[in-house]
Structures are given as structure tokens and as C-alpha cells.
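# Observations on chain architecture
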Amino acid sequence: MSLKGILSPSDIAAALKDCQDPGSFKPKRFCEICGITKVSDSQLKEIFKVVDDDESGYAEEEELKFFLQRLDPGARVLTACETKDFMSAADHDGDGKIGSEEFIEMIRS
Ligand SMILES: [Ca+2]
């Protein structure tokens, strides 16, 4: 499964460029620039599946860390601080992992 069929490569490139400096990644801003906010719920679920690398049904911190690399293997990993901020932005029930519903909620909020 590739995100390239869902998102435009130029939007992905623009979003990655925007947060290329460590510490500058903001989940909502990133999702807006790369077009994730504009896709359908079913496409969001596809995107979530790519993030949920071990197919546990949840995006854990270890997976969020590699969020940018799921979009482009050449991208950087998120810093520990960015990963935690990303988690807390979406983890509404506070269980330390993000379910697909929480992921969609964060994108739509
Ligand atoms: Ca997982």
C-alpha cells in the first residue's frame, strides 16, 4: 500500500520541506499542507494502515516516530518531543496509542 496514490507527491514534498528542521513538525499543519485533511474517511483509514506498521490496529509512539518516512523513505524521523506532541494531539482517551477513529478525529478537528 502506497500513500502516493492518495496524496500528491508535490504536496508531500512541500509538507516535508516545511518541517525539515527537527522540532518544526506540527501534526495539523503538516496534514493540511500534504493534503491529508482533504481525503475521504476511507482514504484516511488507508493512510492509518500505513502508519500502523505492525498492524496492531493502533499507531504507537514507535510508529509515529517514523510517520514522515512512511510518506517518503528519505525523510527524517520525528524527535522524541514531536512524537509525544503528535501522540497527545490525537490520543483522546490517553491510552498511549492512537486508534484509527482517533486518527480521523484529529485530522477532522
Ligand atoms: Ca501499531
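Residues numbered from 1 in each chain as written. Predicted model: local features only at pLDDT ≥ 70, side-chain atom pairs only at ≥ 80, totals over all residues. Heavy atoms only, no water.

The protein appears in an unreviewed UniProt entry as Parvalbumin from Hymenochirus boettgeri.

## Some points on the UniProt feature "binding site: Ca(2+) 1" (unreviewed entry) in the protein
Put simply, the rule is: UniProt positions are given in the numbering used here, feature names are shortened, and annotations may be inferred rather than shown by experiment. Per the convention used, a helix needs a DSSP run of H or I reaching at least four residues, while a strand needs a run of E reaching at least two, with both numbered from the N terminus. For this analysis, residues touch if any pair of their heavy atoms sits within 4.5 Å. Residues adjacent in sequence count toward polar contacts only when both atoms are side-chain atoms; beyond that, a polar contact is any pair of N or O atoms within 3.5 Å, and within protein one must be able to donate a hydrogen and the other to accept it.
In the numbering used here, UniProt assigns the "binding site: Ca(2+) 1" (unreviewed entry) feature to D52, D54, S56, Y58 and E63. Among the structural elements, D54 can be located in the loop between α3 (41-51) and β1 (58-60). Contacts of D54, omitting those with residues within four sequence positions, involve E60 and E63. When near neighbours in sequence (up to four residues on either side) are disregarded, E63 contacts V51, D52, D53, D54 and Y58. A distance of 3.3 Å separates a polar atom in the side chain of E63 from the backbone nitrogen of D53.

## Structural notes on the packing of aromatic side chains
As a reminder, the rule being used: Only Phe, Tyr and Trp rings are paired, with Trp represented by its six-membered ring, and only when their centres lie within 6.5 Å; those with planes under 30 degrees apart are stacked, over 60 edge-to-face, the remainder tilted. Buried residues are those whose accessible area, probed at 1.4 Å on protein chains only, stays under 20% of the maximum for their type, while exposed residues exceed 50% and partly exposed ones sit between those limits.
Counting across every chain of the model gives six aromatic pairs. Between F25 and F30, the ring centres sit 5.3 Å apart and the planes meet at 55°, which makes this aromatic pair tilted. On the basis of relative accessibility, which here comes to 3%, the residue F25 falls in the buried class. In this structure an aromatic cluster arises from ring pairing among F25, F30, F67 and F86.

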